[in-house]
Amino acid sequence: QVQLVESGGGLVQPGGSLSLSCAASGFEFSRYAMRWYRQAPGKERELVATITSTASTNYADSVKGRFTISRDNAKNTVYLQMNGLKPEDTAVYYCKVLILIKDYWGQGTQVTVSS
């Protein structure tokens, strides 16, 4: 079965960095686009970054120039490197894959940006 397991969240001061990982299993990882989403308290879940099967990337305007999505197909893992973190980046971060018509989500990892 498809499984996505995020890790790497935590508490960081404004301006700091964190690197999130999402380990995938149960499907042919290299064939699928992978996405990172986030959901802040009281807000809707929003798309943060996408990486396609050919490693093309796309970012939300709010994170462009600060976040970098990447993938390692040998490790079945997608990453989100977050630099220049701001308090408004505080959220639960999720990775997601769409296979056929079904979305699969990880359990999420909390990122808190605060002094």
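Since we're looking at a predicted model, the values are computed, not measured. (Residues numbered from 1 in each chain as written. Predicted model: local features only at pLDDT ≥ 70, side-chain atom pairs only at ≥ 80, totals over all residues. Heavy atoms only, no water.)

Right, let's get into the overall build of the protein. Within the protein one finds zero helices and eleven strands. For the protein, the sequential pattern of α-helices and β-strands runs β-β-β-β-β-β-β-β-β-β-β. Over its C-alpha atoms the protein spans a radius of gyration of 13 Å, differing by no more than 12% from the 13 Å that the globule rule assigns to 115 residues. In terms of overall dimensions, the protein has a C-alpha envelope of 40 × 25 × 20 Å along the principal axes. In the protein, buried positions account for 40% of the 115 residues. (Helix = DSSP H or I, 4+ residues; strand = E, 2+ residues; numbered from the N terminus. Rg over C-alpha atoms; globule rule 2.2 N^0.38 Å. Buried < 20%, exposed > 50% of the residue type's maximum accessible area, 1.4 Å probe, protein only.)

Quick look at the packing of aromatic side chains now. The way to describe two aromatic rings as a pair is by their centre distance and the angle between their planes. All chains considered together, the criterion is met by four aromatic pairs. With a centroid separation of 5.7 Å and 75° between ring planes, the pair formed by F27 and Y32 is classed as edge-to-face. Classification of F27 as buried rests on a relative accessible area of 13%. Here the aromatic cluster, defined as three or more aromatic residues joined through ring pairs, consists of F27, F29 and Y32. Sitting above the plane of the W105 ring, R45 keeps its charged end 4.5 Å from the centroid. The ring of Y104 is capped by K102, whose NZ or CZ atom sits 5.2 Å from the centre of that ring. (Phe/Tyr/Trp six-rings, centres within 6.5 Å; stacked < 30°, edge-to-face > 60°. Lys NZ or Arg CZ within 6 Å of the ring centre and 35° of its normal.)

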